[in-house]
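As a plain string of letters, each chain reads:
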Amino acid sequence: QVPLVESGGGLVQTGGSLGLSCAPSTRTFLVYPMAWFRQAPGKERESVASITWNCDSTHYADSVKSRFTISRVNDGATVTLQMTNLKPEDTAVYFCAARKTYTIPRNTRSYDYWGQGTQVAVSS
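Not measured: the values here are computed from a predicted model.

Caption draft 1: Structural detail: the state of the cysteines. In this structure the tally under the stated criterion is one disulfide. Distance from the sulfur of Cys55, which forms no disulfide, to the nearest cysteine sulfur (Cys96) is 13 Å.

In structure tokens:
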């Protein structure tokens, strides 16, 4: 069973908006910090945004600050990523991730669970 399931990707024009959603397979993830990563073709997977289990702390990559917003909804069970003013360089596969301990690091090896990813494509 895939622990995390992403949805909401698609094709959008430059300047447009998209919302991604990540639904965990169990409510155990309610108390896990969660994050969004992305991986463009030929590039390493990079941190986009992360949020603690109680939403008291968030982190954003410099490239998406003021354009992306990470939130927990559905009593914290679902994590969303609202993306505005999208740019061609935002094109990537976006992955949802979760980890068992409180902090929200930015490296992929610190996360214990991953989704299969959803494609976001921004046309110029």
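Caption draft 2: Examining the pairing of strand E11 (residues 118-123) more closely. Of the two faces of E11, the one holding Thr118, Val120 and Val122 is buried and the one holding Gln119, Ala121 and Ser123 is not buried anywhere. Where strand E2 (residues 10-13) lies against E11, four bridges are found, and the strand directions are parallel. Across the sheet, the residue bridging to Leu11 is Ala121, located in E11.

Caption draft 3: Highlighting the pairing of strand E8 (residues 78-83). In terms of burial, E8 is a largely internal element, five of the six residues being buried. As defined by bridge partners, strand E3 (residues 18-24) adjoins E8 across five bridges and the pair is classed as antiparallel. For Ser21, the partnering residue across the bridge sits in E8 and is Thr80. In the sheet, strand E7 (residues 68-73) pairs with E8 via six bridges, with the strands oriented antiparallel. By the bridge assignment for E8, Ser71 is matched with Thr80.

Caption draft 4: Region of interest: the pattern of salt bridges. Taken as a whole and assessed by the stated rule, the structure comprises four salt bridges. Note that Arg38 and Glu46 form a salt bridge whose closest N and O atoms lie 2.7 Å from each other. Judged by relative accessible area, which is 5%, Arg38 ranks as buried. Here Asp62 and Lys65 are joined by a salt bridge, their closest N and O atoms 3.2 Å apart. Judged by relative accessible area, Asp62 falls into the exposed class, the value being 64%. Look at Lys65 and you get partly exposed, because its relative accessible area is 44%. Several salt bridges share partner residues, and in doing so they unite Arg38, Glu46, Arg67 and Asp90 into one network.

About the thresholds
Residues numbered from 1 in each chain as written. Predicted model: local features only at pLDDT ≥ 70, side-chain atom pairs only at ≥ 80, totals over all residues. Heavy atoms only, no water. Disulfide = S-S within 2.5 Å. Buried < 20%, exposed > 50% of the residue type's maximum accessible area, 1.4 Å probe, protein only. Helix = DSSP H or I, 4+ residues; strand = E, 2+ residues; numbered from the N terminus. Pairing = 2+ DSSP bridges. Salt bridge = Lys/Arg side-chain N within 4 Å of Asp/Glu carboxyl O.

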